[in-house]
Amino acid sequence: MASPSPVSAAAHILQLLSQLHQISLEQEAGISKKGKVFSSDVLGDLEDKNPKINPKDDFDRLMLDKFIALDEDKCQFTYQLINAMGATNIVEAGTSFGVSTIYLALAIGKTKAATGKSGIVIATEKETKKAAIARKYWRQCGPEVEQQIDLREGDLLETLKTDLPEVDLLLLDIWSALSLPTLKTVLPRLRPGAVVLTDNTISGAKGYADLLAYLRAPENGFENMTLPFTNGFEMSVYRPQ
Ligand SMILES: C[S@@+](CC[C@H](N)C(=O)[O-])C[C@H]1O[C@@H](n2cnc3c(N)ncnc32)[C@H](O)[C@@H]1O
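This text gives an overview of the structure that appears in the document. The shown structure was predicted, so the numbers you read here are calculated from the model rather than taken from an experiment.

1. Side note on the overall build of the protein
Consideration 1: Along the protein, the regular secondary structure elements total 10 helices and 7 strands.
Consideration 2: Its C-alpha atoms put the protein at 55 × 45 × 40 Å along the principal axes.
Consideration 3: Burial status across the protein gives 52% buried among its 241 residues.
Consideration 4: Of the contacts made within the protein by residues no fewer than 6 positions apart, 74% connect residues no fewer than 24 positions apart.

2. What to know about the packing of helix α2 (residues 39-49) against helix α3 (residues 55-63)
Consideration 1: Between α2 and α3, the least distance of the axes is 9 Å, while the angle of their chain directions is 120°. Regarding the angle of α2 to α3, the classification is oblique. Between α2 and α3 the crossing geometry is right-handed. Packed against α2, whose contacting residues are S39, V42, L43, L46 and E47, the element α3 presents P55, K56, D58, F59, L62 and M63 at the interface.
Consideration 2: Broken down by class, the residue content of the contact of α2 with α3 amounts to 7 nonpolar, 1 polar and 3 charged.

3. Details of the pairing of strand β7 (residues 233-238)
Consideration 1: Across the 6 residues of β7, 6 count as buried, placing the element largely inside the fold.
Consideration 2: Side chains of β7 alternate between two faces, with F233, M235 and V237 and E234, S236 and Y238 buried alike.
Consideration 3: Connecting strand β6 (residues 222-227) to the next strand, β7, in antiparallel fashion are 5 residues, including N231 with a positive phi near 70°.

4. Points about the pattern of salt bridges
Consideration 1: In total, this model carries 14 salt bridges according to the counting rule given.
Consideration 2: Across the pair D58 and R61 runs a salt bridge, and its minimum N-O distance is 2.7 Å. Taken together, the positions of D58 and R61, both in helix α3 and 3 residues apart, correspond to about one turn of that helix.
Consideration 3: Two residues, E234 and R216, come together in a salt bridge whose shortest N-O distance is 2.6 Å. One end of the pair, E234, is in strand β7; the other, R216, is in helix α10 (residues 209-216), and 18 residues separate them in sequence.

Calculation rules
Residues numbered from 1 in each chain as written. Predicted model: local features only at pLDDT ≥ 70, side-chain atom pairs only at ≥ 80, totals over all residues. Heavy atoms only, no water. Helix = DSSP H or I, 4+ residues; strand = E, 2+ residues; numbered from the N terminus. Buried < 20%, exposed > 50% of the residue type's maximum accessible area, 1.4 Å probe, protein only. Contact = heavy atoms within 4.5 Å. Axes fitted to C-alpha atoms, helices over the stretch in contact; angles between N-to-C directions. Parallel < 35°, antiparallel > 145°, perpendicular 65-115°, else oblique. Left-handed = near helix turned anticlockwise from the far one by under 90°. Nonpolar A, V, L, I, M, F, W, Y, C, P; charged D, E, K, R; others polar. Pairing = 2+ DSSP bridges. Salt bridge = Lys/Arg side-chain N within 4 Å of Asp/Glu carboxyl O.

Next comes the structure, spelled out in structure tokens:
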């Protein structure tokens with residue numbers, strides 16, 4: 001039996017989400033034999049093909065038209081968790097074409113209405129073209145999604161340096177090498193009890209070695225659990241001493 005979905009939204013939004021997840025999965029199957037893109041693996045493959053060039057530029061070019069969306073069940077879990085926590089301030093690193101962002105926006109819309117608190121989804125994307133397409137999908141969803149999002153365009157290590165509210169939840173869905181610097185940028189604004197979710201921490205563990213070592217070092221104040229979604233989904237609760 002299919003797992004029930006906690007997501008409550010208008011039919012046209014649910015239909016759009018289902019279409020976008022489908023395209024994303026097809027794209028990833030075309031790039032990777034594993035059916036999933038792990039940035040450290042793809043960068044390694046590009047480097048093997050042409051050791052003379054900097055693989056980062058090729059990688060960025062390859063990813064320019066790719067969704068690499070967070071899996072549907074992980075998006076639904078994140079939505080459910082936001083509602084359970086009553087979270088209203090979320091940081092999403094990164095955004096791509098904005099699929100997971102739609103779930104975050106729907107979820108905080110619900111918690112804001114239930115609690116009367118203010119809040120925002122701070123989305124981040126360095127590629128202008130991807131940001132424009134994300135905005136187009138959010139407009140298609142309507143004001144209940146569009147109005148919940150502050151999309152910061154540019155390098156997130158710069159755009160997240162200032163003007164952050166006290167953050168309830170940080171979603172790390174970013175190239176693995178950037179994940180620890182991103183966490184350290186947002187850390188001063190994480191509230192006690194905030195949750196950090198990191199995608200693909202089982203299959204992408206090699207690329208995440210520095211982040212996972214940091215999260216698991218007791219002095220850094222995180223309580224961690226690897227949730228058994230496909231390829232892993234790390235849930236870390238911030239409990240500073
Ligand atoms: C895995 S995708 C995000 C997918 C998105 N969360 C979703 O579910 O639809 C990662 C995105 O991060 C963006 N990115 C990479 N480096 C970045 C940086 N330094 N600053 C901002 N965005 C960046 C990439 O362009 C890419 O679109």
